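Chain by chain, the residues:
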Amino acid sequence: MQALVYHGPGEKEWESKSEPTIEQPTDAIVEIDTTTICGTDLHILKGDVPAVTDGRTLGHEAVGTVVETGSGVEDIQQGDKVLVSCISACGRCKYCRRGLQSQCLSGGGWILGHLVDGTQAEYVRTPFADTSLYKVPEGLSDEQVLFLADILPTGFEIGVLNGGVKPGDTVVVVGAGPVGLAAIITAKLYGPGRIVAVDLDNSRLERAQEFGADVTINNSSENAVERVQEMTDGLGADVVMEAVGVPATFELCTELVCPGGRVANIGVHGEPATLHLETLWIKSITITTGLVDTYSTLTLLKLVSEGRLDPTGLTTHRFELNEIMEAYDVFADAANTNAIKVTLSS
């Protein structure tokens, strides 16, 4: 088969590789129909995730068709159309039972495209198939469900739910990339008073408005802290979400939050950020972090099925799977290509 293979920082190739086989009774083999590229894949290529080693097939999001199952798989069957989640979960360990599937003690968690071969290939082996694959409801397209593999539950769980968004809240999302937009889309489910998107790119801010942001701030030409204070009587925002993953935006979030407010860090950070306790200790704020657990995936699937959520607008570029090298170039150069999410179909 063909696969997108990592060969160290800055190095990747679309090359031939042996097809995966069943290794554990709970495995399934999925033929990839549609996949995508995540910002985390770019972090891997920068060398920010040293656990990813030479020879690893990248990717952790896909929709596909099950072609084989292990002897221990009960619910998933050959021929099923499935969503391949970014998180693999045994469903039995103490963390999985607590809804912290990302911390699975039985070899699960974020492993696809990280510790085992991932989804940017013609086939993928998926561990813990019964608890890590989701049957796609009839009538839904690949693009309607693809982003429920990672970015929608990430924005929802790590941004909206960790941030405790409530009706009437002023919510600020710093970073209007894919995950930031997912946070905006799902924050609207909770009736905030207003949603503010902050970014350096006007095209992304325009997209944020399309997805429900009430106010946009270009932080390269405006002072985001001053703007937010103006609209909140000098207090700051109730909930601030960091969806970039660099020190400057995390520190900006701690300046934007009001006393008693909440900062929900979503972004993947590759270098240290300063925590200014000298100014924060007195503000009684809560800071949350997390890797998505995907406990919300079934809820989000239901909302998509019922027409309450439509993430298809996140796709800006479409490619064939064998055009993945070009797709990476487009996605990595989002400042010039205006890429939000690229999809790759076989």
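Predicted model, so just to flag it, every value in this text is computed and none were measured. (Residues numbered from 1 in each chain as written. Predicted model: local features only at pLDDT ≥ 70, side-chain atom pairs only at ≥ 80, totals over all residues. Heavy atoms only, no water.)

## Observations regarding the overall build of the protein
Looking only at helices and strands, the protein has 13 helices and 15 strands in total. On C-alpha atoms alone, the protein measures out to a radius of gyration of 20 Å, which is about the 20 Å that the 2.2 N^0.38 rule sets for 346 residues. With respect to the principal axes defined by its C-alpha atoms, the protein has extents near 60 × 40 × 40 Å. Looking at the protein residue by residue over its 346 residues, the buried ones come to 56%. For the protein, restricting intrachain contacts to residue pairs at least 6 apart in sequence, the fraction spanning at least 24 positions comes to 70%. Looking at the protein, you have 23 positive and 48 negative side-chain charges, and the mean spots of the two groups are 7 Å apart. (Helix = DSSP H or I, 4+ residues; strand = E, 2+ residues; numbered from the N terminus. Rg over C-alpha atoms; globule rule 2.2 N^0.38 Å. Buried < 20%, exposed > 50% of the residue type's maximum accessible area, 1.4 Å probe, protein only. Contact = heavy atoms within 4.5 Å. Lys, Arg positive; Asp, Glu negative; His and termini not counted. Charge placed at Lys NZ, Arg CZ, Asp CG, Glu CD.)

## A few points about the pattern of salt bridges
As a working rule, side chains carrying opposite charge can pair if their charged atoms are close by. Overall, the coordinates contain 14 salt bridges when judged by the stated rule. When the shortest N-O distance is used, the salt bridge between Asp117 and Lys17 registers 3.1 Å. Of this pair, Asp117 sits in the loop between helix H2 (94-97) and strand S6 (123-126) while Lys17 sits in the loop between strand S2 (12-16) and strand S3 (28-36); the two residues are 100 residues apart in sequence, bridging distant segments of the chain. Arg207 is the salt-bridge partner of Glu210, the closest N and O atoms lying 3.3 Å from each other. Linking Glu210 with Arg207, this pair stays in helix H7 (residues 202-210), spanning three residues, or about one helical turn. Judged by relative accessible area, Glu210 falls into the exposed class, the value being 60%. Classification of Arg207 as buried rests on a relative accessible area of 19%. (Salt bridge = Lys/Arg side-chain N within 4 Å of Asp/Glu carboxyl O.)

## Some remarks on helix H6 (residues 178-187)
Most of H6 is tucked away, with 10 of its 10 residues classed as buried. Looking at H6, one finds that the buried residues are Pro178, Val179, Gly180, Leu181, Ala182, Ala183, Ile184, Ile185, Thr186 and Ala187.

## So, the environment of Val215
Examined against the element boundaries, Val215 turns out to sit in strand S10 (residues 215-218). Distance from Val215 to Val239, taken between C-alpha atoms, is 15 Å for residues 24 residues apart in sequence. If we skip the residues at most four places from it in the chain, Val215 touches Ile195, Val196, Ala197, Arg227 and Met231.

## Notes on the layout of surface pockets
Empty space within the second largest pocket amounts to approximately 260 Å³. What lines the second largest pocket is simply Thr26, Gly72, Val73, Glu74, Asp75, Cys90, Gly91, Arg92, Phe128, Ala129, Asp130 and Thr131. (1 Å grid on protein atoms, 1.4 Å probe; cavity = no way out; pocket = protein on both sides within 12 Å on 5 of 7 lines; lining within 4 Å. Points joined across faces, edges and corners; volume = space filled by probe spheres on them.)

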